[in-house]
Structures are given as C-alpha cells and as structure tokens.
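# Observations on chain architecture
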Amino acid sequence: MKPIRWPLFLIKLFNYEYWTWWAFYLPMLPYWAWLALKTRSLAFFTAANPCMDWGGFFGESKSDILRQIPAEFLPKTLFFAGTETVETVETALRGAALPYPIVVKPDVGERGTKVEKVTNAAELGAQIRAIGGPFIVQEFVREPLEFGILYSRLPGETRGRVTSVTRKGFLTVTGDGRSTVEALMEKSTRARFQLDSMRQRLGAGMNEVLSAGESRLLEPIGNHCRGTMFLDDNHLISRELNAVFDRIAAPIEGFHFGRFDLKVRSVEDLLAGRTIRILELNGASSEPGHIYDPRHSLREAYRDLARHWAILAEICVRQKARGVQPVPLRTLARVTWQHFRA
C-alpha cells in the first residue's frame with residue numbers, strides 16, 4: 001500500500017509548531033463567530049491597522065512596520081532583499097558600525113521561526129540560506145529585560161492604553177557544581193524540550209559542568225516555542241506606561257492594536273520611556289502574552305483573550321464608520337494558502 005502524500009501546505013499548517021495553537025483556539029471559535037456577526041465581517045480584525053498588510057494579522061512585512069517606528073526606539077537595523085552575498089552584507093554591517101553578534105530574521109515570519117543570533121560570517125551565510133528571501137539584520141540588544149507590551153487605541157482618540165505586559169524569562173540553567181549542562185536541562189521540564197536544538201548548537205559544551213549557583217543563558221531569542229517563559233507583569237500598567245506608548249505609537253499613522261516586543265535596561269526606564277529598543281511590532285494577531293504565565297488558569301486565559309478580541313471588534317466598528325473596511329476573507333485565505341504552500 002502506497003503511503004499517503006499529503007500536500008506540503010497541510011504538513012506545514014499542522015506541524016508540531018501549530019497543533020497546540022489550533023487546540024487552544026478551537027473553543028474560542030463560537031465567540032469569534034459572534035464578533036464576526038456583530039461587526040458583519042469574518043475578518044473584522046484586519047481593519048485594526050491600515051498601516052500594515054492584512055492589519056498585521058498574517059504575512060506582514062516586518063521591515064515596513066519597523067520603518068514607521070520612531071528611530072529613537074529602534075536598535076540599529078538593516079534590511080536586505082535576500083539576494084545579497086555574505087560579503088555584501090558584511091560591507092553594509094561595517095558601514096553601519098554594526099559588529100557581531102547580530103540577530104538575523106526573516107522579513108516575513110511568525111513565532112520565532114528562523115530567528116537566530118549570528119556571531120560570524122559562516123553563521124551569517126548559513127542563516128541567509130536558511131531564510132531564502134528578504135531578511136532583517138538587527139544589533140544584538142544587550143539590555144537585560146525583554147517585554148511584550150500590548151497596546152490599543154480606539155480610532156478617533158488621541159490616547160490609548162496598555163492592556164497586557166509580558167516579561168520574558170529566557171531559557172536558563174543554574175549549576176550545582178556536579179551536573180553537566182545536559183543533565184541540568186534534563187532535570188527541567190521546560191528545558192528538556194530544547195535538548196535536541198541545544199545539542200546541535202552547543203555540541204561539546206553540553207558536557208560542561210557549571211559551578212554551584214552559576215547561571216547559563218541557553219537561548220537568547222525570546223520566543224515561547226524556544227523555551228522562553230512568559231510572565232504576567234500587568235501590575236506595571238499605569239498612567240506613566242500608557243503615556244510612554246502613546247508617544248511611541250502616535251507617529252504610526254493607522255495603527256490601533258498591536259504588541260511591541262522590546263528590550264529595556266530596567267523597569268524604571270520602561271516607565272520613563274528610556275533605553276527602550278523595539279525589536280518588532282506585531283499587529284492584529286497579537287496575543288496578550290501574559291495569559292501563558294504558568295500561574296494562570298485556562299479559564300483566565302480565555303477570559304483575557306476574549307477581552308482583547310472585543311477590543312479588536314470595537315476598533316473594527318469604529319473603523320468601518322470612518323470608511324475603513326476589513327480585508328475580504330477570500331483575500332486572507334489566499335494569502336494564507338500562498339504562505340503555507342511556499
């Protein structure tokens with residue numbers, strides 16, 4: 001009996017990176033259907049951000065979005081078409097005074113896919129080949145804290161509000177003076193899922209024994225599927241924080257809902273709007289990352305997710321009154337098809 005040959009796009013759509021996503025969102029479909037009926041659009045969320053492709057729901061260009069953010073809040077960032085050689089990219093890096101290490105990521109991507117810290121020319125070449133298309137190079141920001149800040153502003157209003165603050169706890173192990181890095185990872189439920197990727201990345205370094213109390217950062221990319229823990233820091237929401245993101249978002253014409261992924265030196269600097277470096281801005285598909293805090297229940301997660309979807313629906317209603325229409329569902333379906341079949 002011949003094996004079934006599934007279409008490539010179905011394999012991508014339902015691979016291990018997405019199946020938990022589908023399972024989590026399935027119970028929310030009735031509420032989404034209610035909001036679609038209320039807004040008279042199955043793709044109501046795409047009206048939130050006319051400044052982004054498809055409202056920032058899917059397949060948007062990161063470089064187009066980053067260019068709209070005030071430069072004072074951006075790390076050094078270069079954009080490439082994907083046809084450049086390593087030598088060409090390195091020449092551009094030198095011209096921008098941008099030394100290794102750097103972060104190289106696809107211009108269109110999601111959930112941390114193909115985002116890597118690169119430390120030399122060989123790694124740069126491998127990463128360019130892995131992406132196989134337009135990409136972004138950013139300085140590796142060394143500020144110690146990383147947050148996901150979800151912000152929304154209703155159309156016609158000058159002030160918005162922060163509705164979710166997520167602090168990222170990077171994948172780290174702490175030595176006991178006896179165990180190897182690999183043994184320490186095996187003792188951690190979260191780290192255990194990253195063993196294969198760490199073996200490829202660290203090689204013989206997995207056999208290193210860390211001193212008692214010594215912490216070792218294993219994964220510098222702050223993404224859930226790469227071992228990062230998302231922690232609820234909503235207690236930081238305040239008038240000061242709202243004012244900071246009003247100032248950041250105001251120049252982005254047509255932006256009303258999204259999550260700023262950023263690094264900053266301290267909580268005090270975050271509240272004062274200092275040392276903030278925005279790595280990405282995600283649009284209508286942005287999740288309130290605090291719902292993934294292990295201290296939260298599933299019921300609390302659905303409650304907060306529903307609250308944010310309701311904000312998106314209200315934005316859509318106001319946008320339609322101003323003449324901004326959601327993207328037709330057939331267009332969104334075509335974009336999704338083209339992405340996953342590529």
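In the block above lies the structure referred to throughout.
Residues numbered from 1 in each chain as written. Predicted model: local features only at pLDDT ≥ 70, side-chain atom pairs only at ≥ 80, totals over all residues. Heavy atoms only, no water.

### Here's the deal with the side chain of histidine 256
- By the secondary structure assignment, histidine 256 is in the loop between helix H10 (239-249) and strand E10 (257-264).
- A distance of 3.0 Å separates the side chain of histidine 256 from the backbone oxygen of alanine 48, its partner in a polar contact.
- Ignoring sequence-local partners within four residues, the contact set of histidine 256 consists of Ala48, Asn49, Tyr151, Ser152, Arg153, Leu154, Pro155, Ile315 and Gln319. (Helix = DSSP H or I, 4+ residues; strand = E, 2+ residues; numbered from the N terminus. Polar contact = N/O pair within 3.5 Å; in protein donor to acceptor, adjacent residues only side chain to side chain. Contact = heavy atoms within 4.5 Å.)

### A few points about the pattern of salt bridges
- Under the defined criterion, the tally for this structure stands at 23 salt bridges.
- For arginine 199, the salt bridge identified is with glutamate 182, shortest N-O distance 2.8 Å. Placement of the pair is arginine 199 in helix H9 (residues 195-202) and glutamate 182 in helix H7 (residues 181-187), with a sequence separation of 17 residues.
- With its nearest N and O atoms 3.1 Å apart, the salt bridge here joins arginine 318 to glutamate 314. Highlighted residues: arginine 318 and glutamate 314, both in helix H12 (residues 298-321), separated by 4 residues, approximately one helical turn.
- Using a relative accessible area of 31% as the deciding quantity, one classes glutamate 314 as partly exposed. (Salt bridge = Lys/Arg side-chain N within 4 Å of Asp/Glu carboxyl O. Buried < 20%, exposed > 50% of the residue type's maximum accessible area, 1.4 Å probe, protein only.)

### Some remarks on the environment of alanine 81
- Turning to its location among the elements, alanine 81 is positioned in the loop between strand E1 (77-80) and helix H5 (86-95).
- For the pair alanine 81 and glutamine 200, spaced 119 residues apart in sequence, the C-alpha to C-alpha distance is 28 Å.
- Once residues lying within four places of it in the same chain are set aside, the contact partners of alanine 81 are Gly133 and Pro134.

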